[in-house]
Every structure is written in structure tokens, then in C-alpha cells.
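Chains, contacts and geometry: an overview
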There are 2 protein chains.
Amino acid sequence: MSEHSVENNRIILAGAGNLATCLGVALVRAGVTPVAVWSRSEASASALAEKLGCPYSTEITMLPDADIVITAVSDDALPHVAKQLTERYSNALLAHTAGSVTMDIWAEAGARRYGVFYPMQTFSKNKEVDFSHVGIFIEACAETVYPALEQLASKVSPMVYRATSRQRGYLHIAAVYACNFANAMYSMAHDILEKEGLPFEVMLPLIDETAAKLHHLSPEEAQTGPARRGDETIMRKQLAMLDGTKSEIYALVSSYIAEKAKNNKQL
Amino acid sequence: MSEHSVENNRIILAGAGNLATCLGVALVRAGVTPVAVWSRSEASASALAEKLGCPYSTEITMLPDADIVITAVSDDALPHVAKQLTERYSNALLAHTAGSVTMDIWAEAGARRYGVFYPMQTFSKNKEVDFSHVGIFIEACAETVYPALEQLASKVSPMVYRATSRQRGYLHIAAVYACNFANAMYSMAHDILEKEGLPFEVMLPLIDETAAKLHHLSPEEAQTGPARRGDETIMRKQLAMLDGTKSEIYALVSSYIAEKAKNNKQL
């Protein structure tokens, strides 16, 4: 098989959700327009294809040939999609984008050339993501397969790393805390303010600064607040003003912070 | 009593911790250098006074006269400090900076002119804060007392609001979630990565984007991740990779996110 430069690689995006949309836009910007979008939802597939200026199909048999297929489908759908792709694209390089799915899923589906292309970022359909700030974690079935995925990743981001399936599993868990759970904390702040008729916007400078601090300090150095100071009086007062899941979370996270602060002092 | 412009107000900072330091630096920048720093710790007081180019003392009787005294001391120390200040500065405007302490503390101490000057931000000694991005919440004992505090606040930030003691209590709780608890989530991500020998830096683009999204989407719209999608398979897998407080927090925060997503669908 002859080697193509990445510009000549025919790429298919399998999936048309948040990640497929953001990745597709970044690829087009980088001059690598996919040859097609494949999704089981006609509406999503056509919307994304229109955005990218490329064809789409809901039928795998109708798709053009490809060199690389990137799947961005739900983890539950992945085993079946992997089987379909392995049959249709037996010579292509098949890669999935899931943090918590091991690379083995491709071997189990019978694929010959495969890997993982995991962009660690939070993707929402209504918010465009600058891929140049997205770390992309690559895994490949063989040393010779890395370059094609690494070159493709390098087209959209300067931050391309190799990571094993185990490392990616922990990266994904860390991302759940640093992104999904941090956002849940914002959501609780939002609820608390809304109940008192206060606008959430007043929180934005604080939220921005809390994130910005980490470019200079470790999370432990950056930690502030009643639990960090061991201020039992305020913690009791605040707990009494909360109820339900929020108060359980208040108690549990405060005990984590206090415990951490204690361990640091002992070091 | 004659009215001064804020430039002519003689300001004393009571306290020399993170907040006093950041506020002091911002005041000096704005051309309002305090006439003195007062702190019971000689080391902290002298360090801050040197930074600000002003005198300091650990003895309240040695302090110069003042028009406004801003306290930035721990909540536990505040009642005693308030009593001392009320005796020494019976004619000055006395204001504290605590989110969760009501304004009444000054009346209880016997003060005549008093209020609250609450900058809602996270202050660490080693990280300078740009006060122009800090919302400052003002409360005063009388309508005539507001202008002096509002003018002082306006010197360091364009975001100056009035808030009652009750509102400030909830603002503080919201800040605990959006800042202190969000940072605890970063800290857990840090621990998880460190255990696997992965650098925390790879998280920064994700953390930045998670915060930046809130300038365009509400926290509920911005929510992503396994719990938001209801992906039980991944949640079980990730829970099995965690232990201790982290796994309890994983379960509890995930159930909050899932519940929230369910309620939204029903609306």
C-alpha cells in the first residue's frame, strides 16, 4: 500500500454529534475536508455534512472509499459500528475517539489497522471549540500505524500525545472531575443564586480566576475557602442554609478538602 | 463632619493575609495608598507594609487616625477586632470583607458608621489578582454611608453591587461551590493523574474551556459527560477504578447531574 500525505487521506467521520461536529469543523479549517459523514440519524448527518461541505449517508453501503475512518459515536453504539466498519473498510485505518473504551474493541471486531484518537475536551454543539487548545491522545495497533494518526491530529492541534488504553481510562476519569464535576459545581452555584434572585453572571470573574490560577499554582496551592481554613463556624452555618444533594455534596467535598490540607501539613 | 473625596480618605487595612494583600496592592495601584497596615503578626504586617510602601503596627494604639478601616481578618477573629476598632476609631467608617458574616457584627460591637465591602474572588498570596475583574458587594448601615464604600470600591473595580447580608450569605455559598469545590475537583483530577504518572498540565485546556463555556451557555446547557448522557456502563467502569472519598464524590455528583438532566427533560 502506498503512503499518502495526510492531505490526500480520504477521511470519513462516523457520527454527527457534538464531538464529530467540532472535529469536522477543525478538519475543514485545516484543509482536510472529510469525504463523507455517516450517521444513523438523517437530520444530524445532513446538518453536519452541510456545515462541512461534504456528502453524507445513513447507509454504510452508500459511503465512498476511505483511508481513515474516525468514529465519534456513543460508547454503547461503538461495538456494532466497529463491526460494520471493519466489514466495509477492511483496509482503512479505523480509529475511535472514546476516552474509556480500550483499543481492543477494534481487534474484537476483526479490524486489521486501528487505533484511538482521543481529544480530551468538552464538546457542546452550540459552542465552537478551538482545537488548537485540545490535547489529543493517540494509541495505535502497531508502531507503523502511529504516524498517520499523529499527522492527522497535528493538523488540528499542536498538543498530540501517545497514551495507552489504561492511561486514557484515567485521563477520562480525571476529565470527568476537572470538567463535568467542576461544571456540576457551577450548576449548584447557579441554583443557589437563582433561588435568591441573584444573577449567575456575578460568578464569572471568580470562575475564570479559579481556572486561571492553575496556570501558576497546583490545585492544592490554589485551594481556598472555609474547609481549607478549617473554619467550622462558617461550614456549620452554610450547611444549615442548604438541603438535599447539595448539602451532602457540601459535607463530602469539604471533608476531602480538610483531609487534604491536614495531610499536607503533616508532610 | 466634612465630606472627603476618596483620594483624601485615610484608609487602614486591618489584616495582612491573602485578601488584605491583594486589596492593598489594588488600592495602591489606584492611587489610594493605605495610611497603615494593622496585623497581630509582625511578620505579615511588615511584609505587606513593605509591599504597599506604608507604615504598619501590631499595636492598635500605635496606629494613625483614619477615615475608613477595612478589616480582612478571619471570621473567628472578627468579633474581637470589631470591638477593638470601635473603641479606637469611634468616628471612622468600619467595614468588613467577610461573605458569611452579617453587618450586625458592627452594631453588636457598638460601631456608629459601618458596612461591608465583600470582594467575591479567590485570593492566594502568591498569585496577584486583577481587581478590575472582581465583583465587590457593598452593604452599609445607612443610605448616607453607601457612597464612601461605593466610591472606594469603584477605585479598584467597575463591578460594584449592593447586597444585603442574606444575599451575601448565599453569594458566599455559591462561591464555595463555583470556586472552592470546583478547585477540589481539579485537585482530585490531579491526584488521579499523578498516580498514573501523567502531567496535570494536559488538563489545563479542558479546565479553561469548561470555565470559558459559561460566558455563552448556562451550566446546565454546558453540562457534558457520562452522567449527563446517562451512560451507566462507563459510570460503573469508572467507579470501579476509584476508591475512598473520590468514589463517594463520583457517585453523589453523578446522581446530581443525572437528576438535573431528568428534570430538564420533563420541563
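This section reports on the structure supplied with the text. The shown structure was predicted, so the numbers you read here are calculated from the model rather than taken from an experiment.

**Some details on the interface of chain B and chain A**
Each partner contributes to the interface: chain B provides 89 residues, whereas chain A provides 88 residues. Summed over both partners, the interface of chain B with chain A buries about 8700 Å², with 68% contributed by carbon and sulfur atoms. If you look at where chain B meets chain A, you find four salt bridges. The closest approach of N and O atoms between A:Lys260 and B:Asp191, which form a salt bridge, is 2.7 Å. At the junction of chain B and chain A, the tally comes to 35 residue pairs in polar contact (both at pLDDT 80 or more). Within the residue set of the side of chain B that touches chain A, elements represented by two or more residues are α6 (165-195), α7 (204-212), α8 (219-222), α10 (232-240) and α11 (244-266) of chain B. Residues of the side of chain B that touches chain A, tallied by class, amount to 48 nonpolar, 24 polar and 17 charged.

**Points about the relation of the copies chain B and chain A**
The transformation that overlays chain B on chain A combines an axial shift of 0.0 Å with a rotation of 180°, and the residual RMSD is 0.0 Å. The symmetry that links the two subunits is that of a two-fold axis. Scanning chain B for the C-alpha nearest the rotation axis identifies B:Ala182, at a separation of 2.3 Å.

**Quick word on the environment of B:Glu150**
Residue and element names in this part refer to chain B. Position of Glu 150 among the secondary structure elements: in helix α5 (residues 146-156). Between the alpha carbons of Glu 150 and Phe 117 there is a distance of 8.7 Å; along the sequence they are 33 residues apart. Ignoring anything within four residues of it in the chain, the contact list for Glu 150 reads Ile 138, Val 160 and Arg 162.

Reading the values: the criteria
- Residues numbered from 1 in each chain as written.
- Chains lettered and ligands numbered in written order.
- Predicted model: local features only at pLDDT ≥ 70, side-chain atom pairs only at ≥ 80, totals over all residues.
- Heavy atoms only, no water.
- Contact = heavy atoms within 4.5 Å.
- Buried area = accessible area lost by both parts, 1.4 Å probe.
- Salt bridge = Lys/Arg side-chain N within 4 Å of Asp/Glu carboxyl O.
- Polar contact = N/O pair within 3.5 Å; in protein donor to acceptor, adjacent residues only side chain to side chain.
- Helix = DSSP H or I, 4+ residues; strand = E, 2+ residues; numbered from the N terminus.
- Nonpolar A, V, L, I, M, F, W, Y, C, P; charged D, E, K, R; others polar.
- Least-squares fit on C-alpha atoms with pLDDT ≥ 70 in both.

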